[in-house]
Amino acid sequence: MILVCAVVLLGSCTRRDDGRELVRFWAMGYEGEVVTQLIPEFERRNPGIRVEVQQLPITAAHEKLLTAFAGDALPDVCAIGNTWVSEFALLDALIPLDPRLAQTPGLQSRDYFAGAWDTGVIGGTVYAVPWYVETRLPFYRQDLLKQAGIARPPQTWDEWKIAMAAIKREVGPDRYAALLPLNEAEPLLNLGIQSPDPLLRDDGRYGNFRSPGFKRALTFYREVFDNKWAPLASNTQIANVWNEFGRGYFSFYVNGPWNIAEFKKRLPPQQQASWMTMPLPGEHGLGASVAGGASFVLFRSSKRQDAAWKLISYLSEPQVQVRFHGLTGNLPPRRAAWATPALANDVYARAFRDQLERARPAPKVPEWERIATEIKLVGEQLANGRVSVDQAAEELDRRADRILEKRRWMLDHQTIKTTTAPAASNKEGG
């Protein structure tokens, strides 16, 4: 037994130290599991490089990355949430990518959707390259819209209100026109980001939720619930959102691209022609939405930056992104990938392709995810009628201003630089 164990240990050591350059790659969630299927081709093209993939649980990924930063144990390359880029740039943990991009003709910003690319640009410097992008828009029952006398999907808020009112009259008091889950910030956030007014003001020092544009979004959101066009419910309060959508409990469901595969799988064959996706209506025309997803970053502590950049370049190739989309359902951030038949011929994905042209990045402050949580909480109070539109706007500003208090102090004392300038280079100060 001792001899067998020694042989096994020797074999494992040989595999770990086989003379190739080791690139450590961390990826979150299901993507971290699936991406391993793409690595053999990369290693075949680059026989001197071996990739070690570590899958991070989504709920623990942010904390693990911060712990690794504090302990000088970060990987070479990682795919992080787009809203985390500003935080790690501020910590001076990321390598600016502009010089490498200039030397990589196949990786050009003009092929990327502008909103997705902009999520990785901090103070005019590129710190991240989008891996996949997601945004939210309505899935809808086109058969029920026709029954209610709606000839085409609405494109403006006013048209959407007319459609929801018509559907509500058609389906009666026990069913609804839309589902805007109260346990998610995205439905309200996507309405608010359509405003010409920024969500934060004074370089991210204060909330700007009392702006006229965001208050109009709050008014529209409140009206949906006041008219009982949407139930006062979260996703978790509905036993099965796909079945309820299929039986017509609601006709519009604002959600992300992963549900294309879910509806194809969960709705019966006779209902597959009854549903479709549509761009998000806006105040005066087709509206903007938030550019989510994940992006590749190179960590400054990496000693294998050239090899890690080769991995980023490979995973960013349009054909590799198309294969990744086939494995996960995640949307490619490059327009070239959308020209391939697999995506160009997908009728359910076309609305997302259109929506991504109008996607915008969330505010680039490290505190943004905490502020987004407050948008969800105050939005739930607004939907339930516990606060008015004016009170909701004031409360959001109050909560955001409290969260941003430390940021204001650091900016005022020049401990950090503004988002209109490159990130701070002092690790301790960041």
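Look a little higher up for the structure.
All figures in this text were calculated on a predicted structure; none of them were measured in a lab.

Reading guide: rules and limits
Residues numbered from 1 in each chain as written. Predicted model: local features only at pLDDT ≥ 70, side-chain atom pairs only at ≥ 80, totals over all residues. Heavy atoms only, no water. Phe/Tyr/Trp six-rings, centres within 6.5 Å; stacked < 30°, edge-to-face > 60°. Helix = DSSP H or I, 4+ residues; strand = E, 2+ residues; numbered from the N terminus. Buried < 20%, exposed > 50% of the residue type's maximum accessible area, 1.4 Å probe, protein only. Lys NZ or Arg CZ within 6 Å of the ring centre and 35° of its normal. Polar contact = N/O pair within 3.5 Å; in protein donor to acceptor, adjacent residues only side chain to side chain. Pairing = 2+ DSSP bridges. Axes fitted to C-alpha atoms, helices over the stretch in contact; angles between N-to-C directions.

> Now, about the packing of aromatic side chains: what can you tell me, with residues and values included?
The description of an aromatic ring pair rests on the distance of the ring centres and on the angle between the ring planes. In this structure the tally under the stated criterion is 27 aromatic pairs. When the centroid spacing of 5.9 Å and the interplanar angle of 80° are considered together, the rings of W160 and F252 count as edge-to-face. Remark: F252 occurs in strand β11 (residues 252–255) and W160 occurs in helix α9 (residues 157–171); sequence separation between them is 92 residues. Accessibility expressed as a relative area gives 2% for W160, which makes it buried. Centroid distance F245 to F250: 6.0 Å. Interplanar angle 45°. Geometry classified as tilted. Among the residues examined, F245 registers a relative accessible area of 0% and is labelled buried. Looking at F250, the relative accessible area reads 0%, which means it is buried. An aromatic cluster is defined as three or more aromatic residues linked by ring pairs; in this entry it consists of F139, Y176, F245, Y249, F250, Y253, F263, W275, Y348 and F352. In this structure, K64 packs its charged tip against the face of W26, placed 5.1 Å from the ring centre. Lying across the ring of W242, R266 places its NZ or CZ 3.8 Å from the centre.

> Could you give an account of the side chain of E184, naming the residues involved and the relevant values?
Within the secondary structure, E184 sits in the loop between β8 (178–179) and α10 (186–192). Classification of E184 as buried rests on a relative accessible area of 15%. Polar side-chain contacts of E184 include one of 3.1 Å to the side chain of R136.

> Give me the sheet that holds strand β14 (residues 292–298): which residues, what numbers.
Hydrogen bonds between backbone atoms are what pair the strands of a sheet, whose relative direction is either parallel or antiparallel. Pairing in this open sheet of five strands is mixed, and the strands run β2-β1-β3-β14-β6 from one edge to the other. Looking along the sheet, the strands with just one partner apiece sit at the ends: β2 (49–56) and β6 (129–134). Mean inter-strand twist for the sheet, computed between neighbouring axes without regard to direction, equals 20°. Judged from the eight bridges that link them, strand β1 (residues 21–28) and β2 form a sheet pairing that is parallel. Within the sheet, the bridge partner assigned to A27 lies in β2 and is Q55.

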